[in-house]
Amino acid sequence: MAAAGFLVTLAIFLVSSSSFSYAFDDDPLQDFCVAVPDASAGVFVNGKICKNPKQVTTDDFLATGFNTPASTNNSLGFGVKVADVNLIPGLNTLGLTVLRVDFEPDGVVPPHMHPRATEVIVVLEGTIYAGFVTSNPTDNTKNKLFAKILKPGDVFVFPIGLVHFQRNVGETKGMGIVGFNSQNPGVITTGNAVFGTDPRIAPEVLTKSFQVDKKVIEYLQSKF
């Protein structure tokens, strides 16, 4: 009787779990998918079509060149090499992206967010100041900063959708390996999203929002 009771309980649990697992939509892999009434219209979710399994090769799961630094020849002093579904077709539907990030001394990855993925960085070289900011509190207190000085061997996590940054505060070059739990994590750089849109956000909106002179907003927009 005890065994029968256990099996009944297990069956109920599995049925309940199955119901819950299909109670929400799958996470999208793009910013939007506009619905159309025409059933014959081309529609995609992740933008990739599966290759015939008989034509799959080992190279579909391989990327090379991560042993060489990314170019850091830019005003921010950082560069990345990305191993995503576009470079490794075998990553399609597996929910994973990996990249290498290189820093010059004082190089910075500016505040940004990933709308579709949590990020983790493993620091291998340099001294990296990294952190993220919480979403707006409901009790009218300030957003909280979680930040840390990372050394080689340290691992740090940036929760999905939260604004975060990294900066090399050491005197030598820095490097880390970054992972995302999405094949298309997306990225929204705060400065570009606010000051570098096309067309531009009306300066009056940003002047009021940031409580600064209009000339300051126009100057920032000119930088992006």
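Conventions used here
Residues numbered from 1 in each chain as written. Predicted model: local features only at pLDDT ≥ 70, side-chain atom pairs only at ≥ 80, totals over all residues. Heavy atoms only, no water. UniProt positions renumbered as here; feature names shortened; annotations may be inferred. Pairing = 2+ DSSP bridges. Helix = DSSP H or I, 4+ residues; strand = E, 2+ residues; numbered from the N terminus. Axes fitted to C-alpha atoms, helices over the stretch in contact; angles between N-to-C directions. 1 Å grid on protein atoms, 1.4 Å probe; cavity = no way out; pocket = protein on both sides within 12 Å on 5 of 7 lines; lining within 4 Å. Points joined across faces, edges and corners; volume = space filled by probe spheres on them. Nonpolar A, V, L, I, M, F, W, Y, C, P; charged D, E, K, R; others polar. Patch = residues over 30% accessible without salt bridge, like charges linked within 9 Å, V, L, I, M, F, W, Y side chains within 5 Å. Areas by Shrake-Rupley, 256 points an atom, 1.4 Å probe, with all protein chains shown as cover. Salt bridge = Lys/Arg side-chain N within 4 Å of Asp/Glu carboxyl O. Core = buried A, V, L, I, M, F, W, Y, C linked by side-chain atoms within 4.5 Å. Buried < 20%, exposed > 50% of the residue type's maximum accessible area, 1.4 Å probe, protein only. Contact = heavy atoms within 4.5 Å. Phe/Tyr/Trp six-rings, centres within 6.5 Å; stacked < 30°, edge-to-face > 60°. Polar contact = N/O pair within 3.5 Å; in protein donor to acceptor, adjacent residues only side chain to side chain.

As annotated in an unreviewed UniProt entry, the protein chain is Germin-like protein from Coffea arabica. Per UniProt, the comment on the protein chain under Sequence similarities (unreviewed entry) is "Belongs to the germin family." Turning to the protein chain, the UniProt annotation filed under Subcellular location (unreviewed entry) states: "Secreted, Extracellular space, Apoplast".

Chemist: What am I meant to see in the sheet that holds strand E9 (residues 174-180) here?
Modeler: Strand pairing in a sheet is mediated by backbone hydrogen bonds. Such pairs are either parallel or antiparallel. Taken together, the five strands give an open sheet; going across it, the order is E1-E2-E9-E4-E7, and neighbouring strands pair in antiparallel fashion. Pairing within the sheet leaves two strands with one partner each, and these edge strands are strand E1 (78-83) and strand E7 (155-158). Taken pair by pair, the neighbouring strands of this sheet meet at an average axis angle of 20°, ignoring direction. Of the strand pairs in this sheet, strand E4 (residues 119-125) and E7 are connected by four bridges, and their pairing is antiparallel. Within E7, the residue paired with valine 122 across the bridge is valine 155.

Chemist: Honestly, the layout of surface pockets in this entry has me stumped. Any pointers?
Modeler: Using a probe with the size of a water molecule, rolled over the atoms, empty space left in the structure can be pinpointed. Of the voids in this model, the largest pocket is the one considered here, and its volume is about 460 Å³. Lining the largest pocket are 29 residues, with Leu99, His114, Phe180, Gly186 and Val187 positioned closest to its centre. A class-by-class count of the residues in the lining of the largest pocket yields 15 nonpolar, 11 polar and three charged. If you add up the space inside the second largest pocket, you get close to 270 Å³.

Chemist: I keep staring at a nonpolar patch on the surface and nothing clicks. Help me out?
Modeler: A surface patch of nonpolar side chains, amounting to about 230 Å² of accessible area, comprises Val122, Leu124 and Val155. Within the element layout of this structure, leucine 124 appears in strand E4.

Chemist: Is there a simple way to explain the nonpolar core in this structure?
Modeler: In globular proteins that are soluble, nonpolar side chains generally tend to be buried together. Val101, Ile121 and Leu150 are the most contacted members of the largest nonpolar core, which totals 17 residues. Among the elements of the structure, strand E2 (97-103), E4, strand E5 (128-133), E7 and E9 are those that each provide at least two residues to this core. Look past the residues within four positions of leucine 150 in its chain and what remains in contact with it is Ile121, Val123, Gly126, Thr127, Ile128, Ala130 and Phe156.

Chemist: Explain the sheet that holds strand E10 (residues 188-189) here, please?
Modeler: If you walk across this open sheet you meet the five strands as E6-E5-E8-E3-E10, and the pairing is antiparallel. What marks the edges here is a single partner per strand, and that holds for strand E6 (145-150) and E10. Examined bridge by bridge, E5 and strand E8 (residues 164-168) share five bridges and lie antiparallel to one another. Bridging across to E8, glycine 131 finds its partner in phenylalanine 165.

Chemist: Would you mind showing me how to read the packing of aromatic side chains here?
Modeler: This model, assessed by the stated rule, comprises six aromatic pairs. Note on phenylalanine 132 and phenylalanine 156: the rings are 6.2 Å apart at their centroids and 45° apart in plane angle, and the pair reads as tilted. In this pair, phenylalanine 132 is assigned in strand E5 and phenylalanine 156 in strand E7, connecting sequence segments 24 residues apart. Under the relative-accessibility criterion, phenylalanine 132 is labelled buried at 12%. Ring plane angle 25° and centroid distance 6.0 Å describe the contact between phenylalanine 195 and phenylalanine 224, whose orientation is recorded as stacked. One end of the pair, phenylalanine 195, is in helix H2 (residues 190-195); the other, phenylalanine 224, is in the segment after helix H4 (214-223), and 29 residues separate them in sequence. For phenylalanine 195, a relative accessible area of 11% puts it in the buried group. Put simply, the rings of Phe132, Phe146, Phe156 and Phe158 pair up and form one aromatic cluster.

Chemist: Explain the UniProt feature "binding site: oxalate" (unreviewed entry) in the protein chain to me, please; I cannot follow it from the model alone.
Modeler: UniProt tags His114 and Glu119 as "binding site: oxalate" (unreviewed entry). Here the residues from the annotation list that line the largest pocket are His114 and Glu119. Looking at the element boundaries, histidine 114 is found in the loop between strand E3 (108-113) and E4. The class for histidine 114 is buried, based on a relative accessible area of 7%. In this structure histidine 114 touches Glu119, Ile160, Gly161, His164, Phe180, Pro185, Gly186 and Val187, once residues within four positions along its chain are discounted. With respect to the helices, strands and loops of the structure, glutamate 119 is situated in strand E4. Residue glutamate 119 is classed as buried on the basis of its relative accessible area of 3%. When near neighbours in sequence (up to four residues on either side) are disregarded, glutamate 119 contacts His112, His114, Phe156, Val157, Phe158, His164, Gln166, Val178, Gly179 and Phe180. Side-chain polar atoms of glutamate 119 contact the side chain of histidine 114, separated by 2.9 Å.

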